[in-house]
Amino acid sequence: MAKQNHYLVLGVGQKATAEEIRRRYRQLARRYHPDVNKSPDSTRRFQRINEAYEVLSDPDRRNNYDAVLGFSQQPKPASPKPKTPPNPPTQEKPKPTQTASRPQPRPKQTTTSDEIKQIMLQAERAFTQNRFREAMDKAYIVTQRQPRNASAYALLGDIYRMDG
């Protein structure tokens with residue numbers, strides 16, 4: 001089952017105000033609360049409504065969610081391509097010589113927090129577009145570079161849950 005868009009769950013538009021979101025949440029909560037609605041899927045639907053309201057009612061979380069969905073992404077201007085000479089000179093690289101019996105350690109990748117945020121944003125976007133493999137790969141990159149990044153582990157958990 002695909003993850004539903006929070007705006008669709010609440011039945012509001014992307015440009016809805018905080019008051020419209022709150023009003024619609026209350027209507028749906030009264031209708032689908034498990035104590036009132038005895039249908040078998042009312043609990044699940046009520047949980048989705050609560051999750052959607054939690055995200056859309058918090059301005060920071062809503063901005064992040066919109067960015068993941070691509071709503072707030074503005075097209076970037078095309079950068080001019082650098083000109084290359086028609087036939088660049090080829091240089092032969094010297095062949096490495098073996099001086100040690102054990103392999104040299106790879107230099108540790110240093111990643112800024114902005115790069116990590118960008119990778120997580122790409123992973124979350126891939127997840128919302130049901131590209132689970134790509135989302136998983138990017139989340140693993142984040143966990144390797146920042147082992148204490150909780151959002152990467154949460155995303156991996158969501159992927160495994162959706163995958164069954």
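As a reminder, the structure under discussion sits directly above these lines.
Residues numbered from 1 in each chain as written. Predicted model: local features only at pLDDT ≥ 70, side-chain atom pairs only at ≥ 80, totals over all residues. Heavy atoms only, no water.

### Notes on the overall build of the protein
Phase 1: A tally of regular secondary structure across the protein gives 7 helices and 0 strands.
Phase 2: Element order for the protein, N to C, with α for helix and β for strand: α-α-α-α-α-α-α.
Phase 3: Going through the 164 residues of the protein one by one, you find that 26% of them count as buried.
Phase 4: Restricting the contact set of the protein to residue pairs at least 6 apart, pairs at least 24 apart contribute 57%.
Phase 5: If you sum the accessible surface of the protein, you get close to 13,000 Å²; carbon and sulfur atoms cover 50% of it. (Helix = DSSP H or I, 4+ residues; strand = E, 2+ residues; numbered from the N terminus. Buried < 20%, exposed > 50% of the residue type's maximum accessible area, 1.4 Å probe, protein only. Contact = heavy atoms within 4.5 Å. Areas by Shrake-Rupley, 256 points an atom, 1.4 Å probe, with all protein chains shown as cover.)

### Looking at the side chain of Thr143
Phase 1: Note on placement: Thr143 falls in helix H6 (residues 132-145).
Phase 2: Only 2.8 Å separates the side chain of Thr143 from the backbone oxygen of Tyr140, close enough to count as a polar contact. (Polar contact = N/O pair within 3.5 Å; in protein donor to acceptor, adjacent residues only side chain to side chain.)

### Quick word on helix H4 (residues 59-69)
Phase 1: Along H4, the positions that sit buried rather than exposed are Arg62, Tyr65, Asp66, Ala67 and Val68.
Phase 2: On its buried side, H4 packs onto helix H1 (6-10), helix H2 (18-32), helix H3 (42-57) and helix H5 (113-128).
Phase 3: Gly70, located one to two residues past H4, shows a positive phi value of around 90°.

### What about the environment of Arg125?
Phase 1: Mapping Arg125 onto the fold places it in helix H5.
Phase 2: The sequence separation of Arg125 and Asp66 amounts to 59 residues, and the corresponding C-alpha distance is 10.0 Å.
Phase 3: One polar contact links the side chain of Arg125 to the main-chain carbonyl oxygen of Val68, over a distance of 3.3 Å.

### Points about the layout of surface pockets
Phase 1: Reported here for the largest pocket is a volume of approximately 650 Å³.
Phase 2: Every element with two or more residues in the lining of the largest pocket is listed here: H3, H4, H5 and helix H7 (150-163).
Phase 3: A total of 7 residues in the lining of the largest pocket trace back to one element, the largest contributor, which is H5. (1 Å grid on protein atoms, 1.4 Å probe; cavity = no way out; pocket = protein on both sides within 12 Å on 5 of 7 lines; lining within 4 Å. Points joined across faces, edges and corners; volume = space filled by probe spheres on them.)

### Overview of the environment of Ala152
Phase 1: Of note, Ala152 is situated in helix H7.
Phase 2: Taking the C-alpha atoms as reference points, Ala152 and Ile141, 11 residues apart in sequence, are found 9.0 Å from one another.

### Some words on the nonpolar core
Phase 1: Counting 16 residues, the largest nonpolar core has Leu10, Val12, Ile21, Ile49 and Leu56 as its most contacted members.
Phase 2: At the level of elements, H1, H2 and H3 are the ones that each hand at least two residues to this core.
Phase 3: Apart from the residues within four sequence positions on either side, Val12 is in contact with Tyr7, Glu20, Ile21 and Arg24.
Phase 4: Grouped together as the second largest cluster of nonpolar side chains are 14 residues, Ala126, Ala135, Val142 and Ala152 included. (Core = buried A, V, L, I, M, F, W, Y, C linked by side-chain atoms within 4.5 Å.)

### Overview of the pattern of salt bridges
Phase 1: Going through the model one piece at a time under the given rule, you end up with 5 salt bridges.
Phase 2: Residues Arg131 and Glu134 are paired through a salt bridge, measuring 2.8 Å at the closest nitrogen-oxygen approach.
Phase 3: We classify Arg131 as partly exposed; its relative accessible area is 34%.
Phase 4: We classify Glu134 as partly exposed; its relative accessible area is 31%.
Phase 5: Asp137 is the salt-bridge partner of Arg133, the closest N and O atoms lying 3.6 Å from each other. You can see Arg133 and its partner Asp137 sitting in helix H6, 4 residues apart, about one turn around the helix.
Phase 6: In the salt-bridge network here, residues are joined through shared partners; they are Glu19, Arg22 and Arg23. (Salt bridge = Lys/Arg side-chain N within 4 Å of Asp/Glu carboxyl O.)

Keep in mind these values describe shape, not function.
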